[in-house]
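Topology and contacts: notes
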Amino acid sequence: MPTYQLNINGESRSVEVSEDTPLLWVLRDHLDLVGAKYGCGIALCGSCTIHLDGVAVRSCAISIAQVEGKAITTIEGLSEDGTHPVQEAWKEVDVPQCGYCQTGQIMTASAFLKDNPNPTENEIKDAMHGNICRCASYTRIYKAVEIAANKMAQ
Amino acid sequence: MSTQNKSITFSRRSFMKTSSLAGGGLLIGFNLFNACKPNAKPPVNLAELDYNEFNAFIQIADNGAVTIFSPNPEIGQGVKTSMPMIIAEELDVAWKDVYVKQGVLDTNNYTRQVAGGSQSIRFGWDPLRETGATARQMLVNAAAARWGVDPSECSTNEGVISNAAGDKLGYGEVVNEAAALEIPEDVTLKDVKDYKIIGTDAANVDIDKIITGEPLFGLDYKAEGMVIASVMRPPAFGQKLETFDDAEAKAVDGVIDVLKFGDKIAVLAKDTWSAMKGKKALKAEWKSDSKLESTEDHDKLLLGLLDGNKFETLREDGNVKKAFSQADKVLERTYESPFLPHNCLEPMNFYANVTEEKIHLVGPIQTPEGTAKNIAKLLERDFEEVHLEMTRMGGGFGRRLYGDFAVEAAEISNLAKKPVKVVFSREDDMADGIYRPAIKYRIKAAVKDGEVTGYHLKEAAINSNMYGLIPNFFPAGAIENYQVDVAKYQSNITTGAWRAPYTNFLAFAEQSFFDELAEMMEVDKIKLRLDLLQKVKGTTDERIQYSPERMEKVIKTAVEKSGWGTKPEGVYQGFVNYYCHNSHVAEVADVVLENGNPVVKKITCVVDCGIVINPLGALNQIEGGVIDGVGHSMYGDFGFENGVPTATNFDRYRLIRMKEAPVVETHLIQNKLSPTGLGEPTLPPAGAAIANAFKAATGKRIYNQPFIKYPELLKGPEKEIIG
């Protein structure tokens, strides 16, 4: 099996896996970074969302061979201690019910707000529409993104 | 404590009962207590302190910080936060000094470690309060003995005991002595007005771990030497394994072994991706051992049951036949629902390590005790050899009441002699489900002289029928001639509980029917409901557990808060009131037409669930339940073709998403009644609320779920759909 050199959360990590292994399973099974969750495996639920060169992508649908040389950020590297404005907003609103989808929601929201610091209601809803919350905590997710946008604007 | 008046006193007998639930460990814990410095509560990481055991629920550290064990499984319903809040309230400690840990399965010290039926808080309310109050009283008695005063001269506040002379002792200082004392004959519980924790907002106790991606869920669990098992099961219901060829599967990098067990084949690999790839490379042939059923068959069979006469009668008042023969007007309607998969976002998974010494199980399970017992029985081991740890769960919705995945993990570990985690793919999760059964209802009402004189509800369901007190829900007791009949068809498709079993569709059927009944009677829709409730007041029928007074209050509050009947033109409303899982709910949906299409903008939800432990968590449950109810009514489309599910992933199974979620405005009825659950009761009414609003908006009435099967609905207000 080939060895890959990955840049994850600012660190260089080496893994030996088959080339078709999705980044999600490299993170979860080989690097002990379990913040990105498995939900569907076909890029439709958003639970596995991470940042690749600052862009939100679905780690279940991107293979390790495609990410070499790119900067990978997972929820574990979004902030040192859970104090990214989006994480703080999530805490302030107390968004989660079961909590399983929330890291993916946070990664989608943080990438979105970086590019759209003053979003409209519809822009927030469009941006978050790809992430399923089976507990349907959508009203709180919306509110938290709005609060995070305000925090980031300050 | 200033709560001697008006508070409830529990006798020792009552405590001993509690003790078996809550604190058999009390005596065991005593010799572990250590004295501590008074009032020493520096800012520390509560998780890293050394704690002294007090009982199965409570540990107190030297500095007075408290660990409270939450006994019940956490599936997102919030009990890991709310149940410890109840203990902390009566123990009289500050919530910020409490660290919460998930309790393991422990049948000696806890009872009913189940997440289901919205019953954790309802059944936990008395025992959890008694546990906290008993521990508090023992700490007070110890301090009083040291001071040589009567315990009645002592008071507590946030973990500190004071006497009349102004002396103070921290809980941590007297735990040793408290442990040596008799369990009090009786304990006094606080009056509602003195609550400092119950009724205040508490954040999810796992919030920091959730937002930073720390391992919490079953799928995150790892153990030394653990292998992943991906299991191939029969592709259609009604099939058995004939032969299989594992040569290609075994050739996949990372695959360790392939094992047959029963009609299933497990591919064991060193990681999840290799296990999934190995399963794809497996070749198997299957044979049918019973009929391969399709949705078309089910529809015919269930409608046939409704037309037939093979019913079991669950409740019969008066004579419905006579009422119908004497009626001025009769309304009869049929309502149909599909099977539904649960689709917990964390797919089913479980860890098992079966060794000669013990069976170690870890994972997400709503029924730890039953599952541990099933596994012990299957492997012919003693129940005492099973150690089960519950992880936080990525949703439950009823699916994790069934421990099939945990049993598989134990079977495979037992065969492989290895620690194994079974992991379902999304496709496995949706295709190997224990589904909400397809159900059809036929409701018939008789009207004479402007009164509802007869009501006959028939249920035809796959595999199992409504149970318990459901046949006695509203409008039972309000109509003189009333009958509930049920019939079922035994299918080889596995079915089970799905969030708010039976009522999740029954509420839609009945509350849609009431709307149409009011239209036929030409009476106000709210008045019809209120008039019926009048007739239940003062009932002596013990099967009637809904309260007409509480129902009336949620209805009137919903009318007021939703602006019922006063909305500007273009806003169409639908009304529902419902009782299930011991809570009373009314919902009003606001729908507008956008390009001729009805769009749900807002749901006003009024809930009477008694005392609300944690309003922050309660609102989340309520909003989630409402939106989940809207989502599955609108989009939940699932069935079978020759035994094979019609969808196995989110490409063909639609779940509600952000842009479709309405605003939910919640109003909680304030009272001092014992709390009831919130995980389920707001879901069932949502479907009828929007269907009734769609009718108001478009003139079209919906009889079947999901609503997306009504393409006409999207064409604007012209033609009538009659079911």
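Once a new chain begins, its residue numbering starts again from 1 and follows that chain's sequence as written. Both sets of labels track the order of writing: A upward for chains, 1 upward for ligands. Local features in this predicted model are restricted to residues of pLDDT 70 or higher, and side-chain atom pairs are both shown and tallied only at a pLDDT of 80 or more, whereas totals for entire chains, interfaces and linings draw on every residue.

1. Thoughts on the overall build of chain B
Elements are defined by DSSP. Helices are runs of H or I of four residues or more, strands are runs of E of two residues or more, and each kind is numbered from the N terminus. Along the backbone of chain B there are 18 helices and 29 strands. For 723 residues, the compact-globule formula gives about 27 Å, and the C-alpha radius of gyration of chain B, at 28 Å, lands near that figure. Referenced to the eigenvectors of the C-alpha coordinate spread, the extents of chain B come out at roughly 80 × 70 × 45 Å. Contacts in chain B between residues at least 24 apart in sequence constitute 78% of all its contacts with a sequence separation of at least 6. Here the globule rule is a power law, 2.2 Å times the number of residues to the power 0.38, and the radius of gyration is based on C-alpha atoms. By the convention adopted here, residues make contact when the C-beta atoms placed from their backbones lie within 7 Å.

2. As for unusual backbone geometry
Residue and element names in this part refer to chain B. That bond from Phe 474 to Pro 475 is cis: its omega, 15 degrees, falls within 30 degrees of zero. Structurally, Pro 475 can be placed in the loop between β22 (451–462) and β23 (481–489). With an omega of 0 degrees, the peptide bond running from Gln 705 to Pro 706 counts as cis. You can see Pro 706 is positioned in the segment after α18 (683–698). Positive phi, normally seen in glycine, also occurs at Lys 417, with a value near 55 degrees. With respect to the secondary-structure elements, Lys 417 resides in the loop between α12 (404–416) and β20 (420–423). Its identity is not glycine, yet Asn 463 carries a phi of approximately 75 degrees, on the positive side. Here Asn 463 shows up in the loop between β22 and β23. To sort residues by burial, count the other C-beta atoms lying within 10 Å of each one's C-beta; a count of 20 or more means buried, 12 or fewer means exposed, and anything in between means partly exposed. C-beta atoms are built from the backbone. Using a count of 16 C-beta atoms within 10 Å as the deciding quantity, one classes Asn 463 as partly exposed.

3. What about the domain arrangement of chain B?
All names here are of chain B. Annotation of chain B at the domain level lists domain 1 (9–210), domain 2 (218–289 + 348–423) and domain 3 (439–715). For domain 2 and domain 3, the distance between their C-alpha centroids amounts to 38 Å. With 9 residues of domain 2 at the interface, the matching set in domain 3 holds 10 residues. Residues that form the side of domain 2 that touches domain 3 fall into these classes: 6 nonpolar, 3 polar and no charged. For the domain bounds, the source is a domain assignment made automatically or taken from a database. Think of it as three bins: nonpolar holds Ala, Val, Leu, Ile, Met, Phe, Trp, Tyr, Cys and Pro, charged holds Asp, Glu, Lys and Arg, and polar takes everything else, Gly as well.

4. Some details on the interface of chain A and chain B
Chain A puts 47 residues into the contact, and the matching count from chain B is 47 residues. When contributions to the side of chain A that touches chain B are tallied by element, the ones reaching two or more residues are α1 (23–30), α2 (75–78), α3 (85–93), α4 (102–115), α5 (121–128) and α6 (138–153) of chain A. Tallying contributions element by element places α6(A) first for the side of chain A that touches chain B, with 5 residues. When its residues are assigned to classes, the side of chain A that touches chain B shows 23 nonpolar, 17 polar and 7 charged.

5. Thoughts on the sheet that holds strand β12 (residues 255–261) of chain B
Either a parallel or an antiparallel arrangement is found when strands of a sheet pair, and the pairing is made through backbone hydrogen bonds. Residue and element names in this part refer to chain B. One open sheet holds the 7 strands; their spatial order is β12-β13-β10-β20-β17-β18-β19, and the pairing between them is mixed. Bordering the open sheet on either side are β12 and β19 (386–390), each of which pairs with just one other strand. When the angles between neighbouring strand axes are averaged without regard to direction, this sheet yields 20 degrees. Where strand β17 (residues 349–354) and β20 come together, 4 bridges link them in antiparallel fashion. Criterion used throughout: strands pair if DSSP finds at least two bridges between them. Here the axes come from fitting lines to C-alpha atoms, over the contacting stretch only for helices, and the angles between their N-to-C directions go from 0 to 180 degrees.

6. With respect to the domain arrangement of chain A
All names here are of chain A. Partitioning chain A into domains gives domain 1 (3–76) and domain 2 (85–153). Taking only C-alpha atoms, the centre of domain 1 and the centre of domain 2 are 21 Å apart. Facing 15 residues of domain 1, the contacting portion of domain 2 comprises 12 residues. With 3 residues, strand β3 (residues 49–52) is the largest single contributor of residues to the side of domain 1 that touches domain 2. Taken together, the residues of the side of domain 1 that touches domain 2 sort by class into 7 nonpolar, 7 polar and 1 charged.

7. Notes on the packing of helix α14 (residues 503–521) of chain B against helix α15 (residues 525–534) of chain B
All names here are of chain B. Across the interface, α14 lies against α15 with an axial gap of 9 Å and an inter-helix angle of 105 degrees. The angle between α14 and α15 falls in the class roughly perpendicular. Between α14 and α15, the contacting residues are Phe 514, Asp 515, Leu 517, Ala 518 and Met 521 on the first element and Lys 525, Leu 528 and Arg 529 on the second. Class assignment of the residues belonging to the contact of α14 with α15 gives a composition of 5 nonpolar, no polar and 3 charged. The scheme is simple: roughly parallel for angles under 35 degrees, roughly antiparallel for over 145, roughly perpendicular for 65 to 115, oblique for anything else.

8. Remarks on the nonpolar core
All names here are of chain B. Membership of the largest hydrophobic core comes to 256 residues, with the highest contact counts inside it found for Leu 139, Ala 229 and Leu 361. The biggest single contributor to this core is α18, with 10 residues. For Leu 139, the residues in contact, after removing those within four places along its chain, are Ile 161, Tyr 171, Val 174, Val 175 and Ala 178. Nonpolar cores are built from buried Ala, Val, Leu, Ile, Met, Phe, Trp, Tyr and Cys residues. These are joined into a set through C-beta atoms within 7 Å.

9. Side note on the sheet that holds strand β7 (residues 160–162) of chain B
Residues and elements named next belong to chain B. Taken in spatial order, the 3 strands of this open sheet run β6-β7-β8, and their pairing is antiparallel. Across the chains shown, the open sheet's two edge strands, defined by having one partner strand only, are β6 (155–157) and β8 (168–170). Neighbour to neighbour, the strand axes of the sheet diverge by 25 degrees on average, direction disregarded. As defined by bridge partners, β6 adjoins β7 across 3 bridges and the pair is classed as antiparallel. Bridge pairing in β7 links Ser 155 to Ser 162.

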